[in-house]
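Each chain is listed here by its residues.
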Amino acid sequence: MKVVIELFGASRDFSDKNSIEFDIKNNSTIKDVREEILDYLDLNFKGNKNFIKIVNSSAFCSNDNIISDNYKITNNEKIAIIPPIGGG
Amino acid sequence: MLHAKIIDTKEKKLSIIEAENFISSHDYGASIYFTGTVRNQNDDKSVIGITYDSHDALVINSFQEIYNEADQKLNIKDKSVYIEHAKGYLNLGEVSIIIAVACKHRDQAYVLSRYIIEEIKKRSPIWKKEHYQNNDSAWLKGNPIINEKN
């Protein structure tokens with residue numbers, strides 16, 4: 001199945017687009033998606049350490065709610081990555 | 001009463017006058033206006049501007065939650081609050097956030113204004129990308145989001 005990761009803040013540097021799409025196994029969780037993103041960064045940015053740090057310290061969001069690492073993703077779901085914040 | 005909005009910098013600038021129009025009322029004797037502006041220095045780097053990014057829906061939810069919490073946590077029930085945050089590019093000196101509060105008394109207004117900005121810093125998904133004089137730019141590190149519901 002597919003999952004679309006919408007990029008925000010520092011994670012926008014992961015792609016020229018606003019989102020990245022991944023093919024994932026059925027019943028995948030946020031924990032699995034985090035691993036997918038890390039693999040993608042390894043492949044495309046030679047494991048850029050700053051990028052890895054961002055992914056490991058990010059939260060994820062679905063339907064405008066922060067979700068846990070155990071959250072089960074449904075097919076074609078849009079998930080936002082929420083890197084460390086700092087507005088004002 | 002709450003006004004909460006994200007403002008695209010390409011469309012308009014944040015306005016203190018609009019904030020004043022919203023919170024003004026004969027019910028309140030104390031008003032505080034907090035603005036955040038783009039400054040020219042950060043970590044010994046010469047900043048020329050900042051691009052703000054935001055997850056709009058989560059940010060508006062967080063503003064609403066913070067406003068509602070003032071009832072229980074601060075026991076400030078009668079209040080008018082205006083919060084706007086910019087999204088997009090801002091030059092030096094331009095306003096990135098306005099928090100205007102009106103309460104019956106000054107002690108409540110000071111406490112509420114400070115509470116709102118500190119909670120926004122912790123909980124509202126907003127990001128800053130600084131642009132420097134040497135044409136470089138960098139996203140600021142920030143802090144992992146704190147989710148009040150968890």
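Above this text you will find the structure in question.
About the thresholds
- Residues numbered from 1 in each chain as written.
- Chains lettered and ligands numbered in written order.
- Predicted model: local features only at pLDDT ≥ 70, side-chain atom pairs only at ≥ 80, totals over all residues.
- Helix = DSSP H or I, 4+ residues; strand = E, 2+ residues; numbered from the N terminus.
- Rg over C-alpha atoms; globule rule 2.2 N^0.38 Å.
- Buried ≥ 20, exposed ≤ 12 C-beta atoms within 10 Å, placed from the backbone.
- Contact = placed C-beta atoms within 7 Å.
- Pairing = 2+ DSSP bridges.
- Axes fitted to C-alpha atoms, helices over the stretch in contact; angles between N-to-C directions.
- Parallel < 35°, antiparallel > 145°, perpendicular 65-115°, else oblique.
- Left-handed = near helix turned anticlockwise from the far one by under 90°.
- Core = buried A, V, L, I, M, F, W, Y, C linked by C-beta atoms within 7 Å.

Asker: Pulling in residues and values, what's your account of the overall build of chain B?
Answerer: Helix and strand counts for chain B stand at three helices and eight strands. Tracing chain B from N to C terminus, the helices and strands come up as β-α-β-β-β-α-β-β-α-β-β. A compact globule built from 150 residues would reach a C-alpha radius of gyration of about 15 Å, and chain B, at 16 Å, matches this within 12%. Principal axes of the C-alpha set define a box for chain B whose edges measure 50 × 35 × 30 Å. Split into buried and exposed, the 150 residues of chain B put 35% on the buried side. Considering only contacts within chain B whose residues lie at least 6 apart along the sequence, 75% involve residues at least 24 apart.

Asker: An account of the overall build of chain A is requested, with residue identities and associated values reported.
Answerer: Per the secondary structure count, chain A includes two helices and five strands. Listing the helices and strands of chain A from first to last along the sequence gives β-β-α-α-β-β-β. Against the globule reference of 12 Å for 88 residues, chain A gives a C-alpha radius of gyration of 12 Å, in line with a compact fold. Each of the three principal axes of chain A carries a C-alpha extent, and together these read 35 × 30 × 20 Å.

Asker: For the pairing of strand β6 (residues 95–103) of chain B, give the residues involved together with the corresponding values.
Answerer: Residue and element names in this part refer to chain B. Counting buried positions along β6 gives eight out of nine residues, so the element sits mostly inside the fold. Here eight bridges tie strand β2 (residues 30–37) to β6, and the two strands are oriented antiparallel to one another. Considered in β6, the bridge of Ile32 is made with Val101. Inspection of the sheet shows strand β5 (residues 79–91) paired to β6 by seven bridges, in the antiparallel sense. Bridge pairing in β6 links His85 to Ile97. Between β5 and β6, which follow one another and run antiparallel, lie three residues, and Gly93 among them has a positive phi close to 85 degrees.

Asker: Which residues make up the packing of helix α2 (residues 56–73) of chain B against helix α3 (residues 106–123) of chain B, and what values do they have?
Answerer: All names here are of chain B. Look at α2 against α3: their axes get within 10 Å of each other, and the N-to-C directions meet at 140 degrees. Judged by the inter-axis angle, α2 sits oblique to α3. Relative to α3, the crossing made by α2 is right-handed. Residue-level contacts link Ser62, Ile66 and Ala70 of α2 to Leu112, Tyr115, Ile116, Glu119, Ile120 and Arg123 of α3.

Asker: Report on the environment of Asp27 of chain B, specifying residues and quantitative values.
Answerer: Residues and elements named next belong to chain B. Among the structural elements, Asp27 can be located in the loop between α1 (16–23) and β2. Here Asp27 falls in the exposed class, since 12 other C-beta atoms lie within 10 Å of it. Along the sequence, Asp27 and Lys104 sit 77 residues apart, while their C-alpha atoms lie 6.7 Å from each other.

Asker: So what's going on with the nonpolar core? Residues and values would help.
Answerer: Grouped together as the largest cluster of nonpolar side chains are 57 residues, with contacts concentrated most on Phe60, Cys61, Ile79 and Ile82 of chain A together with Val101 of chain B. Discounting chain neighbours no more than four positions away, the residues touching Phe60 of chain A are Ile30, Ile67, Ile79, Ala80, Ile81 and Ile82 of chain A.

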